[in-house]
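Architecture and fold: a report
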Amino acid sequence: MQPSNLSRRRMLVSTGGVIALAGTASLTPLSAALAQDKAKEKALPAYASWKHADSLIVHSANTIETKRSAFGSGLITPLDRLFVRNNVAPPPEQIVADPDAWVLSIKGVNDPKDMTVAELKRLGLVAVPMVLQCSGNGRAYFPENPSGTKWTVGAAGCVVFSGVPVKAVLEATGGAEAGAKYMTGTGGEEIPAGLDPNAIMVERSIPIAAIDDAILAWEINGEPIPLAHGGPLRLVVPGYTGVNNVKYIKQLAFAKDQSAANIQQNSYRLTPLGEKTNVNQESVWEMPVKSWITSPNGETGEVVNAGKLQVQGLAFGGMTAVKQVEVSVDGGKNWVMASFVGPDLGKYAWRQFVVGVDLQPGQYEIASRATSEAGTVQPEERMPNSHGYLNNSWHDHMLPITVV
Ligand SMILES: Nc1nc2c(c(=O)[nH]1)N[C@H]1C(S)=C(S)[C@@H](COP(=O)(O)O)O[C@H]1N2
Ligand SMILES: [Mo]
């Protein structure tokens, strides 16, 4: 969905008269946009050909989004529905043929060494249910139309990664060198000869203070990580945005400085509108509290029958658990408390929520607003920034529903 359609919709509402009942205006611009999207539909790329096409929106060969209606209510996102985001083309499929043989170089430690996945597997094992979400999820709702993929809600999933804690690997390599402040993971993509590696490579640094729950993972949802999601080995930093979870990791390094790669220095920073990105701006690391409605799905112009209805959605706290979710059917004027569906899989996982409503015919705007255990309430407004990162505005994620 294009933001222009959203704003147009709001304009129709504010100029009044189009729809008599409270809530939204005509769905026509949205439906038209969706019909256009349908016409532009692309095929899944080869590395992701095993995915469930009907659940996905293929923006490009390297950007594939889960449809808002395709998250299900089983908490964990099935792999064939999980979004994909590659900043550069993935390495060849053959790197996942023998996962145990993949080698990780560990540097900036007192006893640097290369370790195979088979060796890493001997050091420890944890399983972490967690939200994996692209920094730019929700970018489509930024009115400034920032460049980058126009993700709505589907550049996110809740998955279980299994692997060894980074701390156990540090212990096995003598601990980080004195003075180290950052941990840097390097992606296994091949850099074409003649090109500046810093311009291309996916190499991300996080503060050492944040590595407590980080793992080096070889499994996702109980199976070896497929190439599309970063197999044979992936750095996973629960609570941090997607880009910090380096796929096909080939090097883990501890140092006093952040990576010199462009993706660390000049990308993924919270750049104020109208300013140029630079290293002094905050890096995109931690995810903020967020939620959105998944059903009924107004994004597809869903029309529902009057009467009882179960409003459903997803919510997560970011760095802490989500404590509660409220739902509004009148554009945020009144809120009711939703209940959580299914078990609590820990602070980094999302929770699914539901609330039963009884709706008379009319137009409604359905929104959800989460509060984290840290006490942070999902804001009405997004934080403006020029690349469209970290959108957690409940207003932006609100859906129009027609009840007949
Ligand atoms: N090596 C490598 N790691 C990467 C990327 C990449 O292009 N290369 N993309 C990052 C980004 S921007 C996101 S959002 C997530 C996406 O993870 P997924 O494709 O498994 O959903 O991977 C991150 N890790
Ligand atoms: Mo991302």
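Overview of the structure. This one's a predicted model, so the numbers in the text were calculated from it and none came from an experiment.

As a further point, take the overall build of the chain. What the chain contains, in helices and strands, is six helices and 22 strands. Its C-alpha atoms give the chain principal-axis dimensions of roughly 70 × 45 × 40 Å. Counting all 404 residues of the chain, 53% fall into the buried class. Of the contacts made within the chain by residues no fewer than 6 positions apart, 71% connect residues no fewer than 24 positions apart. Looking at the chain, you have 34 positive and 37 negative side-chain charges, and the mean spots of the two groups are 4 Å apart.

The amide bond that connects G231 to the next residue, P232, takes the cis arrangement and shows omega of 5 degrees. With respect to the helices and strands, the residue P232 is situated in the loop between strand 11 (223–224) and strand 12 (234–236). A cis amide bond links S295 to the next residue, P296, at an omega of -5 degrees. As for its position among the elements, P296 is in the loop between strand 14 (290–295) and strand 15 (303–304). Of note, L75 is a non-glycine position whose phi angle comes to about 70 degrees, a positive value. You can call L75 buried: its relative accessible area is 6%. A positive phi angle, close to 55 degrees, is found at L390, a residue other than glycine.

Let us look at the packing of aromatic side chains. Under the counting rule described, the total for this entry stands at eight aromatic pairs. On the numbers, 6.0 Å between centres and 90 degrees between planes, the contact of W292 with F316 is edge-to-face. Linking W292 in strand 14 with F316 in strand 16 (residues 307–316), this pair joins segments that are 24 residues apart in sequence. Each member of the pair, W292 as well as F316, is classed as buried. An angle of 85 degrees between the planes, with centres 4.9 Å apart, marks the rings of W335 and W394 as edge-to-face. Residue W335 is located in the loop between strand 17 (322–328) and strand 18 (336–337), and its partner W394 is located in the loop between strand 21 (362–372) and strand 22 (399–403); the two are separated by 59 residues in the primary sequence. Taken together through their ring pairs, the aromatic side chains of F71, W292, F316 and W350 make up a single cluster. Positioned above the aromatic ring of W335 is the side chain of R369, whose terminal nitrogen or guanidinium carbon lies 4.2 Å from the ring centre. The ring of F142 carries R382 above its face, with NZ or CZ at 5.6 Å from the centroid.

Within the largest apolar cluster, 41 residues are counted, with the highest numbers of intra-cluster contacts made by V166, M183, L216, L233, L235, L252 and F254. Taken together, the elements giving at least two residues each to this core come down to strand 1 (56–60), strand 4 (103–107), helix 3 (117–120), helix 4 (166–172), strand 8 (182–187), strand 10 (215–220) and strand 13 (249–255). Broken down by element, this core gets its largest block of residues, four residues, from helix 4. Setting aside residues no more than four positions away along its own chain, V166 makes contact with M183, I211, A214, I215, L216, L235, L252 and F254. In this structure, V289, V325, A338 and F353 belong to the second largest nonpolar core, which totals 20 residues.

Let us look at the sheet that holds strand 14. The four strands are arranged 14-16-20-19 in an open sheet whose pairing can be described as antiparallel. This sheet does not close on itself; its edge strands, each paired only once, are strand 14 and strand 19 (339–341). Taking the axes of each pair of neighbouring strands and ignoring which way they run, one obtains an average angle of 40 degrees across the sheet. Across nine bridges, the pairing between strand 16 and strand 20 (residues 351–359) is antiparallel. The residue bridging L314 from the neighbouring strand is Q352, located in strand 20.

Pairing between strand 1 and strand 2 (residues 63–66): four bridges, direction antiparallel. Bridged to V58 within strand 2 is I64. Counted along the chain from strand 1 to the antiparallel partner strand 2, the turn is two residues long.

Bringing the site of ligand 1 into the picture now. Neighbouring ligand 1 are 21 residues, the closest being N87, E189, H229, R234 and K247. Take R85: an N or O atom from its main chain is 3.0 Å from an oxygen atom of ligand 1. One of the side-chain nitrogen or oxygen atoms of R234 is found 2.8 Å away from an oxygen atom of ligand 1. For ligand 1, whose accessible area on its own is 530 Å², the fraction buried by protein is 100%.

What counts and how
- Residues numbered from 1 in each chain as written.
- Chains lettered and ligands numbered in written order.
- Predicted model: local features only at pLDDT ≥ 70, side-chain atom pairs only at ≥ 80, totals over all residues.
- Heavy atoms only, no water.
- Helix = DSSP H or I, 4+ residues; strand = E, 2+ residues; numbered from the N terminus.
- Buried < 20%, exposed > 50% of the residue type's maximum accessible area, 1.4 Å probe, protein only.
- Contact = heavy atoms within 4.5 Å.
- Lys, Arg positive; Asp, Glu negative; His and termini not counted.
- Charge placed at Lys NZ, Arg CZ, Asp CG, Glu CD.
- Phe/Tyr/Trp six-rings, centres within 6.5 Å; stacked < 30°, edge-to-face > 60°.
- Lys NZ or Arg CZ within 6 Å of the ring centre and 35° of its normal.
- Core = buried A, V, L, I, M, F, W, Y, C linked by side-chain atoms within 4.5 Å.
- Pairing = 2+ DSSP bridges.
- Axes fitted to C-alpha atoms, helices over the stretch in contact; angles between N-to-C directions.
- Near = heavy atom within 4 Å.
- Polar contact = N/O pair within 3.5 Å; in protein donor to acceptor, adjacent residues only side chain to side chain.
- Areas by Shrake-Rupley, 256 points an atom, 1.4 Å probe, with all protein chains shown as cover.

All quantities given are derived from atomic positions and should not be read as evidence of function.
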